[in-house]
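# Residue-level structural notes
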Amino acid sequence: MTIITRRALGALTAASLVALTATGALAQDKKIIAVSIPAATHGWTGGVVYHAEQAEKEIEAAFPNIDVIVKTSPSAEAQVSALEDLSAAQKLDALVILPFTSEELTGPVQTVKEGGTFIAVVDRGLTDPAIQDLYVAGDNIAVGANTAKWLAEKLGNEGKIVVLRGIPTVIDDERIQGFTDVIKGTNIEILDIQYANWNQDEAFTLMQDYLAKYPQIDAVWANDDDMLLGVLEAVKQSGRTEIKYALGGNGMKDVIEMVMAGDPVTPISTPYPPSMIKSAIYMTAAQFSGQAPMRGSFKLDAPLITPENAEQFYFPDSPF
Amino acid sequence: MTSTTTNIARAEAPRRFRWADAGPFLALALVVLIGVVMNSSFMTGTNIANVVTRSAFIAIIAVGATFVISSGCLDLSVGSMMAFVTGIMILTMNRLEPSLGANAIFAGALVGLVVGALCGLANGLIVTLGKIEPFIATLGTMGIFRALITWMSDGGSIPIDRALRDPYRPVYFGNVLGVPLPVVITLIVVLAGAFLLYRTKYGRRCMAAGSNSEVARFSGVSVARVRTLAFVIQGLCVAIAAICYIPRLGAATPTTGQLWELQVITAVVIGGTLLRGGKARIWGTVAGALILEVIANLMVLSNMVSEYLVAAVQGVIIILAMLAHRFIR
């Protein structure tokens, strides 16, 4: 009996060993692309998560030799830990990362890079650009500047406007800088710029206060579409009719719908699409599957979204 | 046994007439006066109506928090709970709209009240039956409610059905004899809260449990039951605030109600309720909520403060208000 069991056991171990090495060989054939992104805490990051998950499905279906792993993290610290866990569990062939903050993530990404991993950075750049093999980002300055140019033209370079800005970050600073630089060259007066933290509620409150403070406002710019929805509600409640334009930015689907419908107050938006994560994942996959060279920087334009081209920027299934 | 509690109540009663208790109202008057001097658009009817209406959410939730805090507990989950209840209500209303039409609003509101009460009950039971520090217990549920609303909305937003927007709009934007409806609802909640706290046995037990839970227990007060009920009241207040909140923007998002718990606690404490429990001031709480909202309003209306420093100035004003409180006493 004992001999039989022992033999059986021996056979079993041998079999499992063979199985193990087989799966090991299989895993080595597969290229692993890890995707590290912020968790869905507001509309835009919700869009990032949605598009990353879509890309995972599409790429795994199209290229069976590529395995995409998407990990979301609620904070910069958590993202650093996630990177450590990801690279400890397996050999990463590529890392696509949308860093929470530039400074804190530079060191950890450098460590991953030293293991021979292809690094694709999205949206927020690292402090040392030498680390990245591929950089994909939107153009925040253009988001502000293109909106400002359109607005200046429509207002005939005259008028009084108010601005709502987001959370104090580089993204917010760049948008405001792009906008104010263009407005400086006109006779348009910016009455006020205050933070509303990319939050609908705070934007509603702030707009109510702007309306109480200024008897004449020709146009409003909220540097994000989430805030724009709050602004529009406050304007509607006040019954004020002198406000000719209320503009946002980012290409949220609710606002794209308004643009498509030819809304007179919000006839345009500018994209800063969360789907840029998808561009980065696809490009990284091309690097491994098609051996199409993908090293370098890729900056997405921020063209005006108008009723004519709105269809291209509309993703009805995305949460953003 | 009951004599102890009535003694406490009697000892507290005359204090209510001391002028030091008028502190929060004097502070409110002062802030308003500064507003009038600083900016001419402050005293306009629209601005005052805006500010008072806006403060309704914090005021209503803070009435519930006054019960929780005075009974010796703390609830950090109210902001997330508010977002969660809002999400559930909108989903219910949207689901029922095809069959019930505009009546779906009432059904949804009812569901919201039940869900709010259940959330409060869960908090209360974790604290009392589970014997976990309220700070930690509600920190846990705060994360749970916030994650649930994020999950329900896929990180985006849950908008209310277009067909319901117009019939529901008046609940935030409408008025009764010129008084905005959210203000009327706040007044009803505050009156009910004041009655419960100052005129009923439950209110006195709340104070007893908060000032010294051991003594209260020996006097025959079921501290666990009193505290659990306080959390349920808090949950109901959150649901009432949610009912007024939905028509304002017509959507719930993962950032709905973010950091409101801190505003609520600040309003309660500015109002003269002791953070360690045992003393409650419902009307003071309302004054506290108004003070916070007026300060925020003034920061935008005045041009004196750099946009980068607004939060710092608000912090300084709150600390000054509390210090003034201390010295008046």
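Everything quoted here is computed from the prediction, not taken from an experiment.

## Let's talk about the overall build of chain B
Summing up its helical and strand segments, chain B has 16 helices and four strands in all. Rg of the C-alpha trace for chain B: 20 Å, near the compact-globule value of 20 Å for 329 residues, within the 12% margin. With respect to the principal axes defined by its C-alpha atoms, chain B has extents near 55 × 50 × 40 Å. Classification of the 329 residues of chain B by burial places 54% in the buried group. In chain B, once contacts between residues fewer than 6 apart in sequence are set aside, the share between residues at least 24 apart is 80%. A total of about 14,500 Å² of accessible surface is found on chain B, and carbon and sulfur atoms cover 69% of it.

## So, the sheet that holds strand 5 (residues 134–137) of chain A
All names here are of chain A. Sheet architecture is open: six strands sit in the order 2-1-3-4-5-10, paired in parallel fashion. Across the chains shown, the open sheet's two edge strands, defined by having one partner strand only, are strand 2 (66–73) and strand 10 (296–299). On average, adjacent strands in this sheet sit at an angle of 15° to one another, irrespective of strand direction. Note that strand 4 (residues 118–122) and strand 5 share three bridges and pair parallel. In the strand pairing of strand 5, Ala120 is matched with Leu134. Its contacts with the sheet place helix 2 (residues 43–62) against strand 1 (31–38) and strand 2, and it is angled at close to 165° to strand 2.

## Description of empty space enclosed by the protein
Applying the stated criterion across every chain yields a total of four cavities of 30 Å³ or more. In this model, the largest cavity occupies a volume close to 60 Å³. Surrounding the largest cavity, His42, Gly43, Trp198, Gln200, Asp226 and Met252 of chain A together with Gly156, Ser157, Thr253, Pro254 and Thr255 of chain B form its lining. Looking at side-chain class alone, the lining of the largest cavity contains three nonpolar, seven polar and one charged residues. Within this model, the second largest cavity holds a volume of roughly 50 Å³. Lining the second largest cavity are Asn199, Gln200 and Asp201 of chain A together with Tyr245, Leu249, Ala251, Thr253, Thr255 and Thr256 of chain B. Looking at the lining of the second largest cavity, the elements with two or more residues in it are helix 7 (200–213) of chain A together with helix 13 (223–249) of chain B. When grouped by side-chain class, the residues that make up the lining of the second largest cavity number three nonpolar, five polar and one charged.

## Examining the pairing of strand 2 of chain A
Residues and elements named next belong to chain A. Looking at chain direction, strand 1 and strand 2 are connected through eight bridges and run parallel. When the sheet's bridge partners are listed, Ile37 is paired in strand 2 with Thr72. Chirality of the crossover, the property in question, places the unit of strand 1, helix 2 and strand 2 among those that are right-handed.

## Here's the deal with the sheet that holds strand 6 (residues 160–165) of chain A
All names here are of chain A. The strand order across the open sheet built from four strands is 7-6-8-9, with neighbouring strands paired in parallel fashion. The open sheet terminates on both sides in strands that have one partner only, identified here as strand 7 (189–195) and strand 9 (245–247). Neighbour-to-neighbour, the strand axes of this sheet turn through a mean angle of 10°, independent of strand direction. Here strand 6 pairs with strand 7 via six bridges, running parallel. Note on strand 7: the bridge partner recorded for Leu164 is Gln194.

## A word on the domain arrangement of chain A
Residues and elements named next belong to chain A. Assigned domains within chain A: domain 1 (29–138 + 274–301) and domain 2 (140–260). Between the C-alpha centres of domain 1 and domain 2 the distance comes to 32 Å. Tallying the contact residues gives five residues for domain 1 and four residues for domain 2. Of the roughly 370 Å² buried where domain 1 meets domain 2, counting both sides, 52% is carbon and sulfur surface. Taken together, the connections running from domain 1 to domain 2 amount to zero salt bridges. Inspection of the domain 1/domain 2 interface yields zero residue pairs in polar contact (both at pLDDT 80 or more).

## As for the packing of aromatic side chains
Applying the stated criterion to the full structure yields 14 aromatic pairs over all chains. Ring centres of Trp150 of chain A and Tyr245 of chain A lie 5.1 Å apart, and the angle between their planes is 80°; on these two criteria the pair is classed as edge-to-face. Note that Trp150 of chain A is positioned in helix 5 (residues 140–154) and Tyr245 of chain A in strand 9, a separation of 95 residues in sequence. With a centroid separation of 5.8 Å and an interplanar angle of 15°, the aromatic rings of Phe57 of chain B and Trp260 of chain B are classed as stacked. In this pair, Phe57 of chain B sits in helix 4 (residues 56–70) while Trp260 of chain B sits in helix 14 (residues 260–270), placing the two residues 203 residues apart along the sequence. For Trp260 of chain B, a relative accessible area of 9% corresponds to the buried category. Site record: aromatic cluster; members linked through ring pairs are Phe204 of chain A together with Phe57, Tyr172, Phe173, Tyr245 and Trp260 of chain B. Cation over ring: Arg175 of chain A sits above Tyr272 of chain A, and NZ or CZ is 4.9 Å from the ring centre.

## Considering the interface of chain B and chain A
Between chain B and chain A, the contact holds 34 residues from the first and 28 residues from the second. Of all residues in chain B, Leu249, Val300 and Glu307 of chain B give up the largest surface area on contact with chain A, accounting jointly for 24% of the area buried on that side. Joining chain B to chain A, the criterion identifies four salt bridges. The shortest N-O distance in the salt bridge between Arg248 of chain B and Asp201 of chain A comes to 2.9 Å. On the surface where chain B and chain A come into contact, there are twelve residue pairs in polar contact (both at pLDDT 80 or more). Of all the secondary-structure elements, those providing two or more residues to the side of chain B that touches chain A are helix 3 (45–54), helix 8 (162–168), helix 9 (170–173), helix 13 and helix 15 (282–301) of chain B. A per-class count over the side of chain B that touches chain A returns twelve nonpolar, 14 polar and eight charged.

## Re the pairing of strand 7 of chain A
In terms of burial, strand 7 of chain A is largely enclosed, as five of its seven residues are buried. Chirality of the crossover, the property in question, places the unit of strand 6 of chain A, helix 6 (residues 170–184) of chain A and strand 7 of chain A among those that are right-handed.

## What about the pattern of salt bridges?
Residues and elements named next belong to chain A. Evaluation of the coordinates by the stated rule reveals 15 salt bridges over all chains. Taking the shortest distance from any N to any O, the salt bridge between Lys213 and Asp192 comes out at 2.8 Å. Placement of the pair is Lys213 in helix 7 and Asp192 in strand 7, with a sequence separation of 21 residues. In this structure Lys213 comes out as buried when scored by relative accessible area, which is 10%. Measuring nitrogen to oxygen at the nearest pair gives 2.9 Å for the salt bridge that ties Arg240 to Glu242. Since its relative accessible area comes to 23%, Arg240 is described here as partly exposed. The exposure class of Glu242 is buried, given its relative accessible area of 18%.

Parameters and conventions
- Residues numbered from 1 in each chain as written.
- Chains lettered and ligands numbered in written order.
- Predicted model: local features only at pLDDT ≥ 70, side-chain atom pairs only at ≥ 80, totals over all residues.
- Heavy atoms only, no water.
- Helix = DSSP H or I, 4+ residues; strand = E, 2+ residues; numbered from the N terminus.
- Rg over C-alpha atoms; globule rule 2.2 N^0.38 Å.
- Buried < 20%, exposed > 50% of the residue type's maximum accessible area, 1.4 Å probe, protein only.
- Contact = heavy atoms within 4.5 Å.
- Areas by Shrake-Rupley, 256 points an atom, 1.4 Å probe, with all protein chains shown as cover.
- Pairing = 2+ DSSP bridges.
- Axes fitted to C-alpha atoms, helices over the stretch in contact; angles between N-to-C directions.
- 1 Å grid on protein atoms, 1.4 Å probe; cavity = no way out; pocket = protein on both sides within 12 Å on 5 of 7 lines; lining within 4 Å.
- Points joined across faces, edges and corners; volume = space filled by probe spheres on them.
- Nonpolar A, V, L, I, M, F, W, Y, C, P; charged D, E, K, R; others polar.
- Right-handed = clockwise from strand over helix to strand, strands pointing away.
- Domains from an automatic or database assignment.
- Buried area = accessible area lost by both parts, 1.4 Å probe.
- Salt bridge = Lys/Arg side-chain N within 4 Å of Asp/Glu carboxyl O.
- Polar contact = N/O pair within 3.5 Å; in protein donor to acceptor, adjacent residues only side chain to side chain.
- Phe/Tyr/Trp six-rings, centres within 6.5 Å; stacked < 30°, edge-to-face > 60°.
- Lys NZ or Arg CZ within 6 Å of the ring centre and 35° of its normal.

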